[in-house]
Amino acid sequence: MSDGAISQDEIDALLSGVDMGGMGASAPAAPSAHTDTGALSEFFSSLKDTFAQSLTTITGSQASVSAPQTETTARDAFLAELPDEVVVVESPFSSVLQGAHTFVLTVDFAKKIIGLINKEDGAELDEMGLSVVSEVISQQIGSEITELSKKPGLNGLASDPASAASVSKAMVQLPDGQFTLLAYPVTLDGVQSTMWEVIAKNPSDRIISVLSDTAAAPQASSASLMGTQQPTANTGIMGGGMAMPQNTFTGASMGMTAPNVQSLQYPNLQQGVSATEQGNIGLIMDVSMEMTVELGRTKKQIKEILGMGEGTIIELDKLAGEPVDILVNHKPIAKGEVVVIDENFGVRVTEILSPAERVSDIH
């Protein structure tokens, strides 16, 4: 028989509104309500391979991610699915969209990530370990933000930096009311787990609206073209070595005439740039481009980067006195030497790369 005392976990659950089944102190959890989130599910499913590749690269172990199960749910229903302790990574939308954006990981999955990256057994959820988890989830968030920003109406989308914490499930901060939940089955180094992604209702509805409009646009364009199709077809392959016959249908005969075959005219490839084409270059003369001077590069593991402090010396892949690289929009175009102009640094161009060198991925 119970002496009437309740545990701290039960107290936390009561404060958060979780049904403890028999205590009667809170309302029963609302059932999970599935809604039409097809466009959202399809979009995030398209990024699962990117996330799996990122996990594989960062941890050095094979990872796979399955398409997420997408649903609209509420706090109590979601918390009922979680273990008692979880790792939460918060990165709310901060531009274009406003609202909560949270990832929830099991403790075992988070420790697995930390152990593989730091190459150590018995990983701890300390400050450094949680920073590692934040960095891993940031990779996925970055992929999502990049792809969503390509959609009309979501240009300039951004979110706050990811912040990870280890908490009891009763302390997980979730949006009020209904929200979108994506559950990803994940396998890392042979160990299966689940990772959840929570998106508040307002940004979720906006994303669904944009994705649905984008998907409908090509269909509308195709229907418009079909509606203006003419009975006379003149089809050819430009720039190829053959021409398609021209078929003409007449209302009088209702039959097909002999094919009218036209010889293919090849353009003169030896002609120079026309005056019109030269004039078009002027349209982009005032476009701003980013110019960068790169002293050198190196690769470091996350644990080495997190261990950096003031006075740390980073060895680069360039020898002393070796020319620096000059890049425009991250593409190499020239080499130069560092000079001092008054009190500022500058670069004197010593070599312009050939077109072949500029288009090759020398980095």
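Procedures and definitions
Residues numbered from 1 in each chain as written. Predicted model: local features only at pLDDT ≥ 70, side-chain atom pairs only at ≥ 80, totals over all residues. Heavy atoms only, no water. Salt bridge = Lys/Arg side-chain N within 4 Å of Asp/Glu carboxyl O. Helix = DSSP H or I, 4+ residues; strand = E, 2+ residues; numbered from the N terminus. Buried < 20%, exposed > 50% of the residue type's maximum accessible area, 1.4 Å probe, protein only. Core = buried A, V, L, I, M, F, W, Y, C linked by side-chain atoms within 4.5 Å. Contact = heavy atoms within 4.5 Å. pLDDT = per-residue confidence, 0-100. Pairing = 2+ DSSP bridges. Patch = residues over 30% accessible without salt bridge, like charges linked within 9 Å, V, L, I, M, F, W, Y side chains within 5 Å. Areas by Shrake-Rupley, 256 points an atom, 1.4 Å probe, with all protein chains shown as cover. Axes fitted to C-alpha atoms, helices over the stretch in contact; angles between N-to-C directions. Parallel < 35°, antiparallel > 145°, perpendicular 65-115°, else oblique. Nonpolar A, V, L, I, M, F, W, Y, C, P; charged D, E, K, R; others polar. Lys, Arg positive; Asp, Glu negative; His and termini not counted. Charge placed at Lys NZ, Arg CZ, Asp CG, Glu CD. Expected span 1.5 Å × (residues − 1). Left-handed = near helix turned anticlockwise from the far one by under 90°.

Asker: Is there a simple way to think about the pattern of salt bridges in this case?
Answerer: A pair can form between side chains of opposite charge whenever their charged atoms are brought close. Scanning the entire structure with this criterion turns up eight salt bridges. With its nearest N and O atoms 2.8 Å apart, the salt bridge here joins Lys-335 to Asp-325. Highlighted residues: Lys-335 in strand E12 (residues 331-341) and Asp-325 in strand E11 (residues 324-328), separated in sequence by ten residues. Owing to a relative accessible area of 23%, Lys-335 belongs among the partly exposed residues under this scheme. Taken together, the salt bridges that share partners define one network made up of Lys-318, Asp-325 and Lys-335.

Asker: Looking at this structure, I do not really get the nonpolar core. What am I missing?
Answerer: Soluble globular proteins tend to pack their nonpolar side chains together in the buried interior. Counting 44 residues, the largest nonpolar core has Leu-55, Leu-105, Phe-109, Ile-113, Val-133, Ile-137 and Met-195 as its most contacted members. Element by element, the count of residues in this core is highest for helix H6 (residues 127-149), at eight residues. In this structure, Met-195 is in contact with Phe-51, Phe-103, Val-104, Leu-105, Phe-109, Ile-137, Leu-182, Ala-183, Tyr-184 and Val-186, ignoring residues within four places of it in sequence.

Asker: Which parts of the structure should I look at to understand the confidence of the model for the protein chain?
Answerer: When pLDDT is low, close inspection of the predicted coordinates is not appropriate. A residue-level look at the protein chain finds 70% of positions with pLDDT of 70 or above and a mean pLDDT of 78. Low confidence marks residues 18-35, where pLDDT is under 50. Its contacts with residues over four positions away, or in another chain, come to 32 contacts. Here residues 220-255 is modelled with pLDDT under 50, and outside its nearest four sequence neighbours on either side it reaches 25 contacts, counting other chains as well.

Asker: What is the right way to read the environment of Asp-49 from this model?
Answerer: With respect to the helices and strands, the residue Asp-49 is situated in helix H3 (residues 48-59). In this structure the C-alpha to C-alpha distance between Asp-49 and Val-65, which are 16 residues apart in sequence, comes to 6.6 Å.

Asker: Could you clarify how one ought to interpret the pairing of strand E13 (residues 344-352) in this entry?
Answerer: Within a regular strand, the side chains alternate between the two sheet faces. Pairing geometry for E12 and E13, over eight bridges, is antiparallel. Bridging from a neighbouring strand, Ala-334 pairs with Ile-352 of E13. Linking two consecutive strands that pair antiparallel, namely E12 and E13, is a turn of two residues; a positive phi of about 55 degrees is found at Asp-342 within it.

Asker: Sorry, what's going on with a nonpolar patch on the surface here?
Answerer: Together, Val-293, Val-338, Val-340, Phe-345 and Val-347 give the surface a local cluster of nonpolar side chains, amounting to about 480 Å² of exposed area. Mapped onto the secondary structure, Val-338 falls in strand E12.

Asker: How should the packing of helix H5 (residues 107-118) against H6 be read in this particular structure?
Answerer: Each packed pair of helices is defined by two parameters, the angle between the axes and the distance between the axes. Interaxial distance between H5 and H6 falls to 9 Å at its minimum, and their mutual angle equals 95 degrees. Taken together, H5 and H6 sit at an angle that is classed as roughly perpendicular. Here Ala-110, Ile-113, Ile-114, Ile-117 and Asn-118 of H5 come into contact with H6, specifically with Gly-129, Leu-130, Val-132, Val-133 and Val-136. When grouped by side-chain class, the residues that make up the contact of H5 with H6 number eight nonpolar, two polar and no charged.

Asker: How should I be thinking about the sheet that holds strand E10 (residues 291-294) in this particular structure?
Answerer: What links the strands of a sheet is backbone hydrogen bonding, and the strands pair in either a parallel or an antiparallel sense. Spatial strand order, E10-E11-E12-E13: four strands in an open sheet with antiparallel pairing. Sheet topology places E10 and E13 at the edges, where each strand pairs with a single neighbour. Pairwise comparison of adjacent strand axes, ignoring direction, gives a mean angle of 40 degrees for this sheet. Relative to E11, E10 runs antiparallel, the two sharing four bridges. Following the sheet pairing, Val-293 is matched in E11 by Ile-326.

Asker: What is the right way to look at a negative patch on the surface in this model?
Answerer: Taken together, the side chains of Glu-120, Asp-121, Glu-124, Asp-126 and Glu-127 make up a negatively charged region of the molecular surface. Relative to the helices and strands, Asp-126 is located in the loop between H5 and H6.

Asker: Teacher, can you tell me more about the pairing of strand E9 (residues 191-200) here?
Answerer: Burial analysis of E9 places seven of its ten residues in the buried class, which makes it a mostly covered element. As paired strands, strand E5 (residues 101-106) and E9 are joined by five bridges and run antiparallel to one another. Counterpart to Phe-103 in the pairing with E9 is Glu-197. In this structure, strand E8 (residues 179-188) lies alongside E9, joined through ten bridges in antiparallel fashion. When the bridges of E9 are listed, Ala-183 appears paired with Trp-196. Linkage of E8 to E9, two consecutive antiparallel strands, is achieved through a turn of two residues, within which Asp-189 is found at a positive phi near 55 degrees.

Asker: For this particular structure, what's the right way to read H5?
Answerer: Since there are 3.6 residues in each turn of an α-helix, residues three or four apart along the chain are aligned in direction. When the terminal C-alpha atoms of H5 are compared, their 16 Å separation across twelve residues agrees well with the 16 Å that a helix rising 1.5 Å per residue should span. In terms of burial, H5 is a largely internal element, nine of the twelve residues being buried. Looking only at H5, the buried set comprises Val-107, Phe-109, Ala-110, Ile-113, Ile-114, Gly-115, Leu-116, Ile-117 and Asn-118. Downstream of H5 by a residue or two, Lys-119 has a phi angle that is positive, lying close to 55 degrees.

Asker: Looking at this model, I keep getting lost on the packing of H3 against H6. Mind explaining?
Answerer: Interhelical geometry of H3 versus H6 gives an angle of 150 degrees and a closest axis separation of 10 Å. Of the possible angle classes, the one that applies to H3 and H6 is roughly antiparallel. The handedness of the crossing between H3 and H6 comes out as right-handed. Here Thr-50, Phe-51, Ser-54, Leu-55 and Ile-58 of H3 come into contact with H6, specifically with Val-136, Gln-139, Gln-140 and Ser-143. Residues that form the contact of H3 with H6 fall into these classes: four nonpolar, five polar and no charged.

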